[in-house]
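# Breakdown of the fold
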Amino acid sequence: MPMVALALLMGLSTPVFAQFEAPPLPEGVVVDTIVEAAPTLLRINELMAVGDTPLVEGSEVWPDWVEIANVSGDSLEVGGWYLSDAPGDLTRWQLPALTLPPEGLLLIAVSPLPIEGFDEALRAPFSLKSGGEFLVLVEPDGETIHQGFESDYPEQRFAVSYGIDPETGDYR
């Protein structure tokens, strides 16, 4: 029997490989394509859906916000990636052209209203729902969901952010 390598992506930044002996394929069955899951490059690190303070001192707008982390280990150009809260419009808002260093963080204001004194290139023109909703990072092809909450992040509370626990790697 042939040996087959299988990649298991158990939430790790590097795939873990296991080898096993595969049984022969039934007669007439041909395997001609192996599809591997892409490693996570960016992730929604933290979000605030019920803001408690303005991002700019003196502003009357208290926006929601999303923190995006570069978890790739390399500098990464994020221009052309998308953030969307709409399953039917994965290209809802395009991230600006900039480079995030390894472990770099990018704060995106999420508000339908302009924020005086805040870089408008870093404002997604929608808002987050406190009751939870679809929120994803989409790759530059505009079709591939890279990471996020396809089945809604949980209900949010006033002035409490929701993000990755650095000790467990889980959202809390």
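Note that this is a predicted model, so its numbers are computed, not measured.

## So, unusual backbone geometry
Although it is not a glycine, Glu103 adopts a positive phi angle of roughly 65°. Looking at the secondary structure, you find Glu103 in the loop between strand 8 (99-100) and strand 9 (105-110). Residue Glu103 is classed as exposed on the basis of its relative accessible area, which comes to 71%.

## Things to note about the pattern of salt bridges
For the structure on display, the rule yields 3 salt bridges. Linking Arg92 and Asp85 is a salt bridge whose minimum nitrogen-to-oxygen distance equals 2.4 Å. Classification of Asp85 by relative accessible area gives buried; the value is 11%. For Arg123, the salt bridge goes to Glu120, with nearest N and O atoms at 2.6 Å. According to the relative accessible area criterion, Arg123 is buried, its value standing at 13%. Judged by relative accessible area, Glu120 falls into the partly exposed class, the value being 35%.

## Some words on the sheet that holds strand 10 (residues 123-124)
Here 5 strands make up an open sheet; going across it, the order is 10-9-4-3-13 and the pairing mixed. If you trace the sheet from one side to the other, it starts and ends with strand 10 and strand 13 (162-163), each paired once. The pairing of strand 3 (residues 42-48) with strand 13 spans 2 bridges and is antiparallel. What sits directly across from Leu47, in strand 13, is Tyr162.

## Some points on the confidence of the model for the protein chain
Predicted confidence across the protein chain gives a mean pLDDT of 81, with 78% of residues reaching 70 or more. By mean pLDDT, the top-scoring element of the protein chain is strand 7 (residues 93-94) (98), and the lowest-scoring one is strand 1 (residues 3-8) (32). In the model, residues 1-20 has pLDDT below 50 throughout and makes 27 contacts with residues more than four positions away in sequence or in other chains. This model gives residues 30-36 a pLDDT under 50, and the stretch forms 1 contact once residues within four places in sequence are excluded.

## Focus: the side chain of Arg123
By the secondary structure assignment, Arg123 is in strand 10. A distance of 2.6 Å separates polar atoms of two side chains, one belonging to Arg123 and the other to Glu120. Setting aside its immediate chain neighbours within four residues, Arg123 contacts Trp93, Ala109, Ser111, Pro112, Leu113, Pro114, Ile115 and Phe118.

## Considerations on the nonpolar core
In this structure, Leu47, Val66, Leu83, Ile108, Leu128 and Leu135 are the most contacted members of the largest nonpolar core, which totals 31 residues. No other element matches strand 9, which puts 4 residues into this core. Not counting the four nearest positions on each side in its chain, Leu135 is found in contact with Ile44, Leu47, Val66, Leu83, Ser84, Asp85, Phe126, Leu128, Gly148, Phe149 and Tyr153. One finds Tyr82, Leu90, Phe134 and Val138 within the second-largest nonpolar core, a separate group that totals 5 residues.

Here is what the cut-offs are and how they apply
- Residues numbered from 1 in each chain as written.
- Predicted model: local features only at pLDDT ≥ 70, side-chain atom pairs only at ≥ 80, totals over all residues.
- Heavy atoms only, no water.
- Helix = DSSP H or I, 4+ residues; strand = E, 2+ residues; numbered from the N terminus.
- Buried < 20%, exposed > 50% of the residue type's maximum accessible area, 1.4 Å probe, protein only.
- Salt bridge = Lys/Arg side-chain N within 4 Å of Asp/Glu carboxyl O.
- Pairing = 2+ DSSP bridges.
- pLDDT = per-residue confidence, 0-100.
- Contact = heavy atoms within 4.5 Å.
- Polar contact = N/O pair within 3.5 Å; in protein donor to acceptor, adjacent residues only side chain to side chain.
- Core = buried A, V, L, I, M, F, W, Y, C linked by side-chain atoms within 4.5 Å.

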